[in-house]
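Chains, contacts and geometry: an overview
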Amino acid sequence: MMTVNEVSQLTGVSIRALHYYDQIGLLPAAGHTDSGYRLYDDAALERLQQILLFRELEFSLKDIQRILENSAFDRKMALEQQITLLTLKKQHLEALIALAEKLQKAGGAIMDFTAFDTQKIKDYAAQAKQQWGATPEYKEYEEKTAHKTIKETADRGSQLMAILAVFGTMQTKDPAASEVQAQVKKLQNFISAHYYTCSKMILNQLGQMYAAGGAFTENINAAGGPGTAEFAQKAIEVYCS
């Protein structure tokens, strides 16, 4: 067990912040000393790591608390999402550094503002929050999965991946081709039937997530072949435009 002062020194989180996290129920102390000082065990420190990762990704404390208290919270999935978001932020910073270096070498203005675009990060973060948050879509997802067995859940995931894998066989076609767009519609219908009502806005966010790198992209490309996730995203973008 560690005291609040020791946790503060280890993590860099102020004692005041730790007290506040305890008060709002985000990070309850594991116990107290005889003098009433807060104590933290390994489980509390692990939870603090999750909190800090989400904070680094600019999630609000309210969003973080909702995510961590969700009965369906999956630490492995959350880490995959965090890695993807951190990778996107890294790419964004690298693009800004590259632009600054170009400006330095050119000695003047370069009319290139693409490095400032953070929409991809915002879209993925919104999808992550939506997946874990108390949205109508997530409530619908909980209702549809409440009585599913582990095998049924795994089978449904395999069916979804099989639909996505088909995009790998279509990569020689135009993403706007009728058969490709029909496959996007099939994907949308499957998600709506088995997960939650998949609007075009949500579908477009999913497409961004599929091609954003990380575990999602790797799994889809493993199922359908290299480039499958990226092609699926392009086809979804056409469908949703």
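That block above? That's the structure.
All figures in this text were calculated on a predicted structure; none of them were measured in a lab.

Counting its regular elements, the chain contains 12 helices and 3 strands. Buried residues in the chain amount to 40% of all 241 residues. At a minimum sequence separation of 6, the contacts of the chain that also span at least 24 residues come to 62%. Surface accessibility of the chain: about 13,500 Å² in total, with carbon and sulfur atoms responsible for 54%.

A few words on the side chain of Gln183. Mapped onto the secondary structure, Gln183 falls in helix α9 (residues 178-194). Setting aside residues up to four positions removed in sequence, Gln183 forms contacts with Ile163, Val166, Phe167 and Met170.

Let's shift gears to the packing of aromatic side chains. A full pass over the atoms with the stated rule returns 1 aromatic pair. Ring geometry for Phe190 versus Tyr195: centroids 6.4 Å apart, planes at 55°, classification tilted. Tyr195 matches Phe190 in its accessibility class, with the two residues each being buried. The positively charged end of Arg156 is found above the aromatic ring belonging to Tyr195, 4.8 Å away from the centroid.

Glancing now at the nonpolar core. Formed by 55 residues in total, the largest nonpolar core has its most connected members in Phe167, Leu187, Ile191, Leu203 and Tyr210. Of the residues forming this core, the biggest block, 7 residues, is contributed by helix α12 (residues 228-240). If we skip the residues at most four places from it in the chain, Leu187 touches Leu160, Ile163, Leu164, Phe167, Leu203, Tyr210 and Ile236.

The next subject is the packing of helix α3 (residues 42-56) against helix α4 (residues 61-68). One can describe the packing of α3 onto α4 by two numbers: an axis separation of 10 Å at closest approach and a directional angle of 135°. With respect to each other, α3 and α4 are oriented oblique. The interaxial crossing formed by α3 with α4 has right-handed handedness. Contacts between α3 and α4 involve Arg47, Gln50, Ile51, Phe54 and Arg55 on the former and, on the latter, Leu61, Ile64, Ile67 and Leu68. Class assignment for the residues of the contact of α3 with α4 results in 6 nonpolar, 1 polar and 2 charged.

Take the pattern of salt bridges next. A side chain with one charge may pair with a side chain of the opposite charge, provided their charged atoms come close. One pass over the full model with this rule turns up 2 salt bridges. A salt bridge links Arg38 to Asp22; the shortest N-O distance between them is 2.6 Å. One end of the pair, Arg38, is in strand β3 (residues 38-40); the other, Asp22, is in helix α2 (residues 15-23), with 16 residues separating them in the sequence. When sorted by exposure, Arg38 lands in the same class as Asp22, which is buried. A salt bridge links Lys173 to Glu179, with the shortest nitrogen-to-oxygen separation between them at 3.2 Å. Classification of Lys173 as partly exposed rests on a relative accessible area of 35%.

Attention now goes to the sheet that holds strand β2 (residues 31-32). Ordered in space as β1-β3-β2, the 3 strands form an open sheet in which the pairing is antiparallel. Looking at which strands have only one partner, the edges of the open sheet turn out to be β1 (2-3) and β2. Here 2 bridges tie β2 to β3, and the two strands are oriented antiparallel to one another. Across the sheet, Gly31 pairs through a bridge with Leu39, a residue of β3.

Criteria and thresholds
- Residues numbered from 1 in each chain as written.
- Predicted model: local features only at pLDDT ≥ 70, side-chain atom pairs only at ≥ 80, totals over all residues.
- Heavy atoms only, no water.
- Helix = DSSP H or I, 4+ residues; strand = E, 2+ residues; numbered from the N terminus.
- Buried < 20%, exposed > 50% of the residue type's maximum accessible area, 1.4 Å probe, protein only.
- Contact = heavy atoms within 4.5 Å.
- Areas by Shrake-Rupley, 256 points an atom, 1.4 Å probe, with all protein chains shown as cover.
- Phe/Tyr/Trp six-rings, centres within 6.5 Å; stacked < 30°, edge-to-face > 60°.
- Lys NZ or Arg CZ within 6 Å of the ring centre and 35° of its normal.
- Core = buried A, V, L, I, M, F, W, Y, C linked by side-chain atoms within 4.5 Å.
- Axes fitted to C-alpha atoms, helices over the stretch in contact; angles between N-to-C directions.
- Parallel < 35°, antiparallel > 145°, perpendicular 65-115°, else oblique.
- Left-handed = near helix turned anticlockwise from the far one by under 90°.
- Nonpolar A, V, L, I, M, F, W, Y, C, P; charged D, E, K, R; others polar.
- Salt bridge = Lys/Arg side-chain N within 4 Å of Asp/Glu carboxyl O.
- Pairing = 2+ DSSP bridges.

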